[in-house]
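Coordinates in review
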Amino acid sequence: MRHFLSLKDFTKNEILEMITLAQKIKSEAKAKNFVPYMEKQTLGMIFEKSSTRTRVSFETGIYQLGGIGLFLSSNDIQLGRGEPMKDTARVISRMVDMVMIRTFEQSQLEEFAKYSKVPVINGLTDSFHPVQVMTDYLTMLEFGIQNPIVAYVGDGNNMTHSWLMLAAKLGFELRIATPKGYECDKKIVAEALQIAKESGAKISFGTDPKTAVEGSNVVTTDTWVSMGQEDEKEERMKAFDGYIVDEYLMSLAQKDAIFLHCLPAYRDYEVSEVIFEKHADEIFTEAENRLHAQKGIMVWLDQQRDK
Ligand code: CP
Ligand code: NVA
């Protein structure tokens, strides 16, 4: 049995297998052929933070695979009143077939997985958002990006860490520009750079968005204030001044460069209204692809149990 907690735990081949499966299931679904790969299976979906995309895509996804999703907000279940994660895991995993969790510390997710009888999927933690970058990779392929040169501009957060792992595993170029004091986690960077040595990924870090974006074919960013950081909003707004992805910054990328954003987007903070609307097709295909990419991941995990 395998869990999907971080891309660190997968080989390049396994990541590509999940993407290939997602592409197959997407084309079947587009032809209204909803193959019941996970008939009668229940996906428990535990949310300790808000969500639009993750909730809708997992719930719809498992339904289209022939199963059913259970939305479990920590506001409503005993976890939110202090029942330990390990007890929650031992109860829920005896009743459902797969679990997705959105929580704070990665260690809480790992604790759940340690005690779970069924595969566990990371639906976002403070450290990683791996289902999102799998989606982003699927989207890049659909927009014809064969040799990615990805520029990430903004906060060194869960999205940045996930890009680091994806680039390191798949071996593509990633340039990260973050303001001083908002760099990526040092331990995750060290792990990614170690993996990159084997894959040949070219990963660079800096503070200048222009250097990162120049000549790239994918530009991406994320909110400057992640869930749980609301109290830091004021100081963050000052620190990120100059990190907006606007027309000038995008003009430094390759002419046909795409722009991705995991959403929700804060207009005229991390991305200008003009750039957002200009790249809306890419951004909302990316949002839709959450549904398809995650079906690929769920089916792949389900298939591992039989091995
Ligand atoms: N991108 C993303 O995970 O969106 P939600 O927070 O709406 O799930
Ligand atoms: N970095 C953001 C991503 C939201 C999908 C957050 O953690 O809030």
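Residues numbered from 1 in each chain as written. Chains lettered and ligands numbered in written order. Predicted model: local features only at pLDDT ≥ 70, side-chain atom pairs only at ≥ 80, totals over all residues. Heavy atoms only, no water.

Next up on the list: the overall build of the protein. Of the regular secondary structure elements, the protein holds 12 helices and nine strands. Computed over its C-alpha atoms, the radius of gyration of the protein comes to 19 Å, within 12% of the 19 Å expected for a compact globule of 307 residues. Seen along its three principal axes, the alpha-carbon backbone of the protein occupies a region of about 50 × 45 × 35 Å. Taking all 307 residues of the protein together, 57% fall into the buried category. Within the protein, contacts between residues separated by at least 24 positions form 76% of all contacts whose residues are at least 6 apart in sequence. (Helix = DSSP H or I, 4+ residues; strand = E, 2+ residues; numbered from the N terminus. Rg over C-alpha atoms; globule rule 2.2 N^0.38 Å. Buried < 20%, exposed > 50% of the residue type's maximum accessible area, 1.4 Å probe, protein only. Contact = heavy atoms within 4.5 Å.)

Turning next to the site of ligand 2. In the neighbourhood of ligand 2, the contacting residues comprise Leu 124, His 129, Asn 157, Asn 158, Asp 222, Thr 223, Ser 226, Met 227 and Leu 263. At 3.4 Å from a nitrogen atom of ligand 2 is found a side-chain nitrogen or oxygen belonging to Asn 157. The contact in question runs from a nitrogen atom of ligand 2 to an N or O atom on the side chain of Ser 226, over 2.7 Å. Surface burial for ligand 2 is 93%, taken as the share of its 270 Å² of free accessible area covered by protein chains. (Near = heavy atom within 4 Å. Polar contact = N/O pair within 3.5 Å; in protein donor to acceptor, adjacent residues only side chain to side chain. Areas by Shrake-Rupley, 256 points an atom, 1.4 Å probe, with all protein chains shown as cover.)

A few words now on the UniProt feature "domain: Aspartate/ornithine carbamoyltransferase carbamoyl-P binding" (unreviewed entry) in the protein. Taking the numbering used here, the UniProt-annotated feature "domain: Aspartate/ornithine carbamoyltransferase carbamoyl-P binding" (unreviewed entry) corresponds to residues 2-142. Helix makes up 44% of residues 2-142 and strand 14%, with an end-to-end C-alpha separation of 27 Å. (UniProt positions renumbered as here; feature names shortened; annotations may be inferred.)

Turning to the site of ligand 1, a few remarks are in order. Around ligand 1 sit Ser 51, Thr 52, Arg 53, Thr 54, Arg 102, His 129, Gln 132, Cys 262, Leu 263 and Arg 290, and those are all the residues in its vicinity. With respect to ligand 1, the backbone of Thr 52 contributes an N or O atom lying 2.6 Å from an oxygen atom. Considered class by class, the residues forming the shell around ligand 1 number two nonpolar, five polar and three charged. (Nonpolar A, V, L, I, M, F, W, Y, C, P; charged D, E, K, R; others polar.)

As recorded in UniProt, the sites labelled "binding site: L-ornithine" (unreviewed entry) are Asn 158, Asp 222, Ser 226 and Met 227. For the residues just named, distributed over 70 residues, the greatest C-alpha separation is only 11.7 Å, placing them together at one site. Position of Asp 222 relative to the elements: it lies in the loop between strand E8 (218-221) and helix H9 (233-239). Overall, the relative accessible area of 5% leaves Asp 222 in the buried class. Not counting residues up to four positions away in its chain, the partners in contact with Asp 222 are Tyr 152, Val 153, Asn 157, Asn 158, Met 159, His 261, Cys 262 and Glu 270. Residue placement: Met 227 occurs in the loop between E8 and H9. Discounting residues that sit within four places of it in the chain, Met 227 has contacts with Lys 49, Ser 50, Arg 102, Leu 124 and Asp 126.

Let us look at helix H3 (residues 85-92). Considered for burial, the residues of H3 that qualify are Met 85, Thr 88, Ala 89 and Ile 92. For H3, the angular spread of buried residues about the axis comes to 100 degrees, placing them on one side. Packed against the buried residues of H3 are strand E1 (42-47), strand E2 (68-73), strand E3 (98-102) and helix H4 (106-115). (Arc of directions from axis to C-beta.)

On to the side chain of Ser 6, then. Assignment of secondary structure puts Ser 6 in the segment before helix H1 (12-30). Dropping the residues within four chain positions of it, Ser 6 is found in contact with Gln 106, Phe 128, Pro 130 and Met 165.

Attention now moves to the sheet that holds E1. Paired through their backbone hydrogen bonds, the strands of a sheet run either parallel or antiparallel. Strands sit in the order E2-E1-E3-E4 across an open sheet of four strands; the sheet is parallel. Whereas interior strands pair on both sides, the edge strands pair on one side only; in this sheet they are E2 and strand E4 (120-122). When strand polarity is set aside, the average angle formed by the axes of neighbouring strands in this sheet is 20 degrees. The strands touched by helix H12 (residues 280-305) are E1, E3 and E4; relative to E3, the strand with the most contacts, the crossing angle is about 135 degrees. (Pairing = 2+ DSSP bridges. Axes fitted to C-alpha atoms, helices over the stretch in contact; angles between N-to-C directions.)

If you walk through the whole model with that rule in mind, you get 17 salt bridges. For Glu 28, the salt bridge goes to Lys 24, with nearest N and O atoms at 3.3 Å. You can see Glu 28 and its partner Lys 24 sitting in helix H1, four residues apart, about one turn around the helix. With relative accessibility at 14%, the residue Glu 28 sits in the buried group. Accessibility expressed as a relative area gives 42% for Lys 24, which makes it partly exposed. Here Glu 273 makes a salt bridge to Arg 267, at a shortest N to O gap of 3.2 Å. Given a relative accessible area of 34%, Glu 273 falls into the partly exposed group. (Salt bridge = Lys/Arg side-chain N within 4 Å of Asp/Glu carboxyl O.)

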